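Chain residues, written in single-letter form:
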Amino acid sequence: MRAKVSNALNGLTLVGLGSVFLLFYLNGRIDQYLNPIFRPLVLIAGAGAVIAGLVYLLTTHSGQCCVDGDCIHRHINNPAWSLAFFGVICLSVLTGATLSKDAFDQKIVANRGFVEDATKLPGGSSLRASNSQNAVLGAHINEAMSGSGDLPRAEDGNAALEVTDLLYAETQEPLRKTITGKTVEVVGQFIPGATNDQFKLVRMFMWCCVADARPIYVPVEVSGPVDVSDMEWVKVTGTAEFSTNKGQTHVILKADSVESSDPPEEAMLY
Amino acid sequence: MSWQDDGEIGEFVSCEAELGAKAFQLPNSFNLLRWLIFERAGRSLRAIASHRRRLIETMTWFAFSWQNFWFSFLALIFEGIPFVLLGSLISGVIAAFIPSSVITGLLPKNRLVATLVSGLLGIIFPVCECGIVPIVRRLLHKGLPLSCGVTYMLASPIVNPIVIFSTFFAFRAQAPALNTGLRLGLGYLVAVLVGFAVGFLNPNAILRKGNRKSSSRKRTGFRIARLPDTQSGNSGTSITGKTVGAIRMASDDFLETAFYFTIGAAIAATFNTAVDQQLILPLGSQTTLSIMAMMALSGILTLCSTSDAFIAATFVTFPMVARLAFLVFGPMFDLKLLFLYSVLFRKRFVIVLGVGLFVLVGLLCACIIVHIYASQGF
């Protein structure tokens, strides 16, 4: 009886965990958590866990992992441990899946600090090294430019850029020339500045998953106070200006308008 | 969780002190006793309030948020569990299909050479730190010497082609060949040294029950002894039976490993999101402190070894040697591994291993690696 209870609980743990993985992959929530290269692994792991759980539920323990009665899995047939497995592995993930808002709040920006040097982002230094637009790695701007030879366009005809595009442009002169003078639209999260006429337009940049994400930003200059709350998504329309000080080029976005915006399809940049 | 002084203790202290002062004006011995009690109690409460105020001031480095916790926790689960499952599947396949003779026959008979070779196995069988524990546990059960198992376990998350590539790419603007080479070299050296040290210890004192063999086999940390195979390993059952057996054993491995991994991920997510990581920035100016700070940070952040180089590269205010310590210590020991290693080892050994790795990596970086960097102009 104890073995059957353990068997059922262990099987349910695997099926439950696998189902959460599959659900996140199929409904697209996984896009907020992982870099694209890791996402297929969630699908594979979810399917694998469900299959393993079903095999577990339909078969019985045979002691195959034991040598001379000495078992490597001492707890596997103990209902108390099986309940613990279910609680810790399955319920915690289910609870997280239910309660998670798929986003960080403003405390994370304060705790992790901004990446101040754009050359430390993947692709950043290779831009500087090659000084070629074709060397832009990870920037969506490159795809658009390679096709039409022009910047990607928003619905209203303005150039639609990401925060990373502006930071990469700090290190690459041809890209700066392309952007300078054009009206651009950039979406990001609002972090107030030291005075009312400036704020930070923030995006989180992740390498593998959001656990390693760090905030990056473009400084924005506005003519007056902006009526949005901290970390609210905003769309800034304006022009990017570049200035060089002690051999380092910095971008500042001069805003013509700042308005609330829906979050982008993927909140993280990578 | 935000630490705010609500003022209740402060008000209470004032009230008690006031009562004590009034009592002092009364001449009889009863009131003197009351005064003594109130005065002493007042002093004690003032001390407690002062201590709490200091505690609150020091807790500004910790700002917990459930929203951030769940987001980071799930990310760690989604990133790590597939590798735990993969490691468990490999473990199940080894258990069901590969006889002990193959495992023990793979390694050289010389114990020193076997340990040295084990540190390089990650190049052929690359497994990250999330998936390595169930594999090593199974290999030990199949007769792999403990010294070789520990060496493989510690080296594989660093000495593997994926990590070599990611480290080179992350440091491509900061002496990539030197940094990648030093990471590999130091990781290998530390793993081999720990492996040798563990080989001199009694496995029964290190391994948890179930992971160690009976004394009748007289295995020591270095000895390579073929063990009897499991019932499915060489009993001639059908392929289907072996496959089902492999899946069940992989599932059992997975449940036990994922249990500890999840606890580790929860604790890691707490520190990963709540601790103000900028507090360590001032430590970057002093080499020894920066090495210790970066190793502590790697233990807290619990990053995957395939991505940690990208994070290390962004800490430009820290000397290169401190970032190397981050890259070597983190994949060998962090918050999630603290729990994950508990699947295999006794708790006392896990703690000793953590402290030992911290000291060893720190010493090697502070005494040797720093000079190598200096000679290269860093």
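Every value quoted in this text rests on a predicted model; they were computed, and no experiment measured them.

Colleague: What is the right way to read the overall build of chain A from this model?
Modeller: The secondary structure content of chain A amounts to eight helices and nine strands. For chain A, long-range pairs separated by at least 24 residues make up 68% of all intrachain contacts whose partners lie at least 6 apart in sequence. Here chain A displays about 11,700 Å² of accessible surface, and carbon together with sulfur accounts for 54% of that area.

Colleague: Even after reading the chapter, I still don't get the overall build of chain B, so can you show me in this structure?
Modeller: A count of helices and strands for chain B gives 17 helices and zero strands. Across the 378 residues that make up chain B, the buried fraction comes to 56%.

Colleague: When you look at helix α7 (residues 129-141) of chain B in this model, what are you seeing that I'm missing?
Modeller: An α-helix turns once every 3.6 residues. As a result, residues three or four positions apart point the same way. Along its 13 residues, α7(B) runs 19 Å from first to last C-alpha, staying within 8% of the 18 Å computed at 1.5 Å per residue. Most of α7(B) is tucked away, with 13 of its 13 residues classed as buried.

Colleague: Whenever I open this one, the side chain of A:R39 confuses me. Can you help?
Modeller: All names here are of chain A. Looking at the secondary structure, you find R39 in helix α2 (residues 39-58). Of note is the side chain of R39, whose polar atom sits 3.2 Å from the backbone oxygen of D31. Beyond its immediate chain neighbours, meaning those up to four positions away, R39 contacts Y25, I30, D31, L34, E266 and Y270.

Colleague: Help me understand unusual backbone geometry, please; the structure alone is not making it clear to me.
Modeller: With the exception of glycine, the majority of residues adopt a negative phi angle, and the majority of peptide bonds are in the trans configuration. A positive phi angle, close to 55°, is found at A:K246, a residue other than glycine. As for its placement among the helices and strands, A:K246 is situated in the loop between β7 (233-245) and β8 (248-260). For B:T302, which is not a glycine, the phi torsion comes out positive at approximately 50°. Its location among the elements puts B:T302 in the loop between α13 (287-301) and α14 (308-314).

Colleague: Got a minute to help me understand the nonpolar core in this structure?
Modeller: For soluble globular proteins, nonpolar side chains are generally found buried alongside one another. A:L253, B:Y341 and B:F345 are the most contacted members of the largest nonpolar core, which has 165 residues in total. Ranked by residues supplied to this core, first place goes to helix α3 (residues 66-97) of chain B with 13 residues. Among residues more than four places away in sequence, those in contact with A:L253 are A:L166, A:V184, A:V186, A:L201, A:V218, A:P219, A:V220, A:E221, A:V236, A:G238, A:T239 and A:A240.

Colleague: Is there a simple way to explain the pairing of β7(A) in this structure?
Modeller: A regular strand places its side chains so that they alternate between the two faces of the sheet. All names here are of chain A. Pairing analysis gives seven bridges linking strand β4 (residues 183-192) to β7, with the strands arranged antiparallel. If you follow E185 over to β7, its bridge partner there is T237. As paired elements, β7 and β8 share twelve bridges and run antiparallel to each other. Following the sheet pairing, A240 is matched in β8 by L253.

Colleague: Would you explain the packing of helix α15 (residues 320-332) of chain B against helix α17 (residues 347-375) of chain B in this entry?
Modeller: What describes two packed helices is the angle between their axes and the distance between those same axes. Residues and elements named next belong to chain B. In the contact formed by α15 and α17, the axes pass within 9 Å of each other and the chain directions differ by 150°. One way to sum up the angle between α15 and α17 is to call them roughly antiparallel. Viewed along their axes, α15 and α17 form a crossing whose handedness is right-handed. Here α15 contributes M320, V321, L324, A325, V328, F329 and M332 to the contact with α17, which in turn contributes G354, L357, F358, V361, C365, I369, V370 and Y373.

Colleague: I keep staring at the pattern of salt bridges and nothing clicks. Help me out?
Modeller: Pairing is possible between side chains that carry opposite charge, provided their charged atoms lie close to one another. Under the definition given, this model contains 14 salt bridges over all chains. With a closest N to O distance of 3.5 Å, A:D31 and A:R39 form a salt bridge. For A:R39, a relative accessible area of 9% puts it in the buried group. As a salt-bridge pair, B:E256 and B:R137 come within 2.8 Å of each other at their nearest N and O atoms. Placement of B:E256 in helix α12 (residues 239-274) and of B:R137 in helix α7 is noted, with a sequence separation of 119 residues between them.

Colleague: Looking at this structure, how should I read the packing of aromatic side chains?
Modeller: Each aromatic ring pair is summarised here by two numbers: the centre-to-centre distance and the angle between the ring planes. Residues and elements named next belong to chain B. Within the structure shown, the criterion is met by 27 aromatic pairs over all chains. Ring centres of F329 and F358 lie 5.4 Å apart, and the angle between their planes is 90°; this geometry places the pair in the edge-to-face category. A residue pair is termed long-range when its members are at least 10 positions apart, and F329 in helix α15 and F358 in helix α17 qualify at 29 residues. Owing to a relative accessible area of 5%, F329 belongs among the buried residues under this scheme.

Colleague: I tried to follow the confidence of the model for chain B on my own but got confused; where do I start?
Modeller: Close reading of the predicted structure is inappropriate where its pLDDT is low. Residues and elements named next belong to chain B. Of the residues in chain B, 77% have a pLDDT of 70 or more, and the chain-wide mean is 79. Below pLDDT 50 for its whole length, residues 1-27 participates in 28 contacts with residues either more than four positions away or in separate chains. Note that residues 224-228 has pLDDT below 50 and, in this model, 24 contacts with residues that lie over four places away or in other chains. Interface scoring of the predicted complex returns ipTM 0.87; its pTM is 0.76.

Colleague: Just to check I follow, could you spell out the state of the cysteines for this structure?
Modeller: A covalent bond between the sulfur atoms of two cysteines is what we call a disulfide. For the structure shown, the criterion picks out zero disulfides over all chains. Unpaired in terms of disulfides, A:C208 finds its nearest cysteine sulfur in B:C304, a separation of 6.0 Å. B:C128 takes part in no disulfide bond, and the closest cysteine sulfur to it belongs to B:C130, at a distance of 4.3 Å. For B:C128, a relative accessible area of 8% gives the class buried.

Colleague: How should I be thinking about the environment of B:P108 in this particular structure?
Modeller: With respect to the helices and strands, B:P108 occurs in the loop between α4 (100-106) and α5 (111-118). Here B:P108 falls in the partly exposed class, since its relative accessible area comes to 26%.

Colleague: Just to check I follow, could you spell out the side chain of B:S118 for this structure?
Modeller: Residue and element names in this part refer to chain B. In this structure, S118 sits in helix α5. Residue classification places S118 among the buried residues on the basis of a relative accessible area of 1%. Discounting residues that sit within four places of it in the chain, S118 has contacts with L107, C148, T151 and Y152.

Colleague: Explain a nonpolar patch on the surface to me, please; I cannot follow it from the model alone.
Modeller: Residue and element names in this part refer to chain A. Taken together, the side chains of L12, L54, L57 and L58 make up a nonpolar region of the molecular surface, amounting to roughly 390 Å² of accessible area. Per-element accounting of the nonpolar patch gives the leading share, three residues, to α2. Relative to the helices and strands, L57 is located in helix α2. Residue L57 is classed as partly exposed on the basis of its relative accessible area of 35%.

Colleague: Sorry, what's going on with the environment of B:V163 here?
Modeller: Residue and element names in this part refer to chain B. Turning to its location among the elements, V163 is positioned in helix α9 (residues 161-170). Its relative accessible area of 0% is what places V163 among the buried residues. Separated by 20 residues in the primary sequence, V163 and R183 place their C-alpha atoms 9.7 Å from one another. With residues near it in sequence (within four places) discarded, V163 still touches P157, I158, R183, S305 and T306.

Colleague: Looking at this structure, how should I read the confidence of the model for chain A?
Modeller: All names here are of chain A. On average, residues of chain A score 83 in pLDDT, and 83% of them reach the 70 mark or higher. Ranking the elements of chain A by mean pLDDT puts helix α5 (residues 124-130) last with 37 and helix α3 (residues 79-99) first with 96. Overall, residues 124-139 carries pLDDT values under 50, and its contacts beyond four positions in sequence, including any with other chains, amount to 43 contacts.

Colleague: Before we go on, may I ask you to explain the packing of α7(B) against α12(B) in this structure?
Modeller: All names here are of chain B. Two numbers describe how α7 lies on α12: the axes approach to 10 Å, and their chain directions differ by 130°. Viewed along their axes, α7 and α12 adopt a mutual orientation that is oblique. Of the two possible hands of crossing, α7 and α12 adopt the one that is right-handed. Contacts between α7 and α12 pair C130, P134, R137 and R138 from the former with M249, D253, E256, T257 and F261 from the latter.

Cut-offs and rules
- Residues numbered from 1 in each chain as written.
- Chains lettered and ligands numbered in written order.
- Predicted model: local features only at pLDDT ≥ 70, side-chain atom pairs only at ≥ 80, totals over all residues.
- Heavy atoms only, no water.
- Helix = DSSP H or I, 4+ residues; strand = E, 2+ residues; numbered from the N terminus.
- Contact = heavy atoms within 4.5 Å.
- Areas by Shrake-Rupley, 256 points an atom, 1.4 Å probe, with all protein chains shown as cover.
- Buried < 20%, exposed > 50% of the residue type's maximum accessible area, 1.4 Å probe, protein only.
- Expected span 1.5 Å × (residues − 1).
- Polar contact = N/O pair within 3.5 Å; in protein donor to acceptor, adjacent residues only side chain to side chain.
- Core = buried A, V, L, I, M, F, W, Y, C linked by side-chain atoms within 4.5 Å.
- Pairing = 2+ DSSP bridges.
- Axes fitted to C-alpha atoms, helices over the stretch in contact; angles between N-to-C directions.
- Parallel < 35°, antiparallel > 145°, perpendicular 65-115°, else oblique.
- Left-handed = near helix turned anticlockwise from the far one by under 90°.
- Salt bridge = Lys/Arg side-chain N within 4 Å of Asp/Glu carboxyl O.
- Phe/Tyr/Trp six-rings, centres within 6.5 Å; stacked < 30°, edge-to-face > 60°.
- pLDDT = per-residue confidence, 0-100.
- Disulfide = S-S within 2.5 Å.
- Patch = residues over 30% accessible without salt bridge, like charges linked within 9 Å, V, L, I, M, F, W, Y side chains within 5 Å.

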